[in-house]
Amino acid sequence: MLISVHMPKTAGLSFRAALESHFGDRFQADYGDYPLAHSPHARREQAQRSRKALSAVEFSPQGCVHGHFLPVKYLSLAESVPCVFVTWLREPLARLISHYHYWQRSYEPELGSTTSLHRRVIEERWTLRQFCLAPELRNVYCEFLWGFPRQRLAFVGISEYYPEELRYFSQEILGNNLLLKTLNSRDNGPRNPVYDELSDTDRQEIATFHADDVALYRSALESRARRIEAWNRP
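Residues numbered from 1 in each chain as written. Predicted model: local features only at pLDDT ≥ 70, side-chain atom pairs only at ≥ 80, totals over all residues. Heavy atoms only, no water.

Student: Got a minute to help me understand the environment of N176 in this structure?
Tutor: Relative to the assigned elements, N176 resides in the loop between α7 (162-174) and α8 (200-209). Exposure remark for N176: the relative accessible area of 23% places this residue in the partly exposed category. In this structure the C-alpha to C-alpha distance between N176 and S159, which are 17 residues apart in sequence, comes to 20 Å. Every residue in contact with N176, bar those within four places of it in the chain, is listed here: H22, S170 and Q171. At a separation of 2.8 Å, a polar atom in the side chain of N176 contacts the side chain of H22. (Helix = DSSP H or I, 4+ residues; strand = E, 2+ residues; numbered from the N terminus. Buried < 20%, exposed > 50% of the residue type's maximum accessible area, 1.4 Å probe, protein only. Contact = heavy atoms within 4.5 Å. Polar contact = N/O pair within 3.5 Å; in protein donor to acceptor, adjacent residues only side chain to side chain.)

This is the structure in structure tokens:
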């Protein structure tokens, strides 16, 4: 069973489309937890409660779950159903900038699904710098991976190399060739022009504030370089 953690603004919608095309009715979306809508304590408690409940739920061993959730939620299930955990990462500052501008574009409080944090960002007119240094959004990657043994991640894709990474994933994890689909990718390039909204001092302060995520991303880049080298070796 594939457990795919969709980190916000890391090409997760494109990956979802590819997974849906592969798994069909064996695909299951899990977006109901809204991890960033809760305090660290609340989202961890929620994940642990779900972990206990999901241990008794029957899933297809050939299925897929993809969405915004803490993967610790599925650890108990993995004790009874063979599970493969995967996720994608993106350079942390680029991810933050993309997240900020996505929330600016997508604010629709009348729909009733807007989180309190999203509402605050818009209605209090947060600047990009304020958003990037918000305690509620510090080290998002590490917060999602709280309580989860990182060695259990069979694949950590790098969004900046999405086409090549998808080929690797489909061949090495699924054993086929997934159809490349690109959705919601207006700012997935390696150099986003909105970087210029921040000074060099701002960028350094933000990198220090998110040092754990920066370290995780750099480690993932190094791991990617090794696996791609091995993959391309004759």
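There is more to say, and it comes next.
Student: I tried to follow the environment of P109 on my own but got confused; where do I start?
Tutor: Note that P109 resides in the loop between α3 (92-105) and α4 (116-123). When the C-alpha atoms of P109 and S14 are compared, they prove to be 25 Å apart, with 95 residues separating the residues in sequence. Non-local contacts of P109, meaning those with residues more than four positions away in its chain, are made with T114 and R119.

Student: Can you walk me through α7 in this structure?
Tutor: For an α-helix, the turn length of 3.6 residues means that residues three or four places apart are oriented alike. Within the span of α7, buried status applies to Y162, E165, L166, Y168, F169 and S170. Those residues of α7 that are buried are in contact with β1 (2-5), α1 (12-23), β4 (84-89), β5 (153-158) and α9 (211-232). After α7 finishes, the residue G175 shows a positive phi value of roughly 75°.

Student: Could you clarify how one ought to interpret the nonpolar core in this entry?
Tutor: Soluble, globular proteins show a tendency: their nonpolar side chains are buried together. Membership of the largest hydrophobic core comes to 50 residues, with the highest contact counts inside it found for M1, I3, Y74, F85, V121 and F131. With 5 residues, α3 is the largest single contributor of residues to this core. L19, V86, Y162 and F169 belong to the second largest nonpolar core, which has 17 residues in total. (Core = buried A, V, L, I, M, F, W, Y, C linked by side-chain atoms within 4.5 Å.)

Student: Help me understand α4, please; the structure alone is not making it clear to me.
Tutor: Taken residue by residue, α4 has L117, H118, V121 and I122 as its buried positions. Buried residues of α4, viewed axially, fall in a sector of 130°; they line one side. Among the residues trailing α4, R125 stands out with phi positive, at a value near 55°. (Arc of directions from axis to C-beta.)

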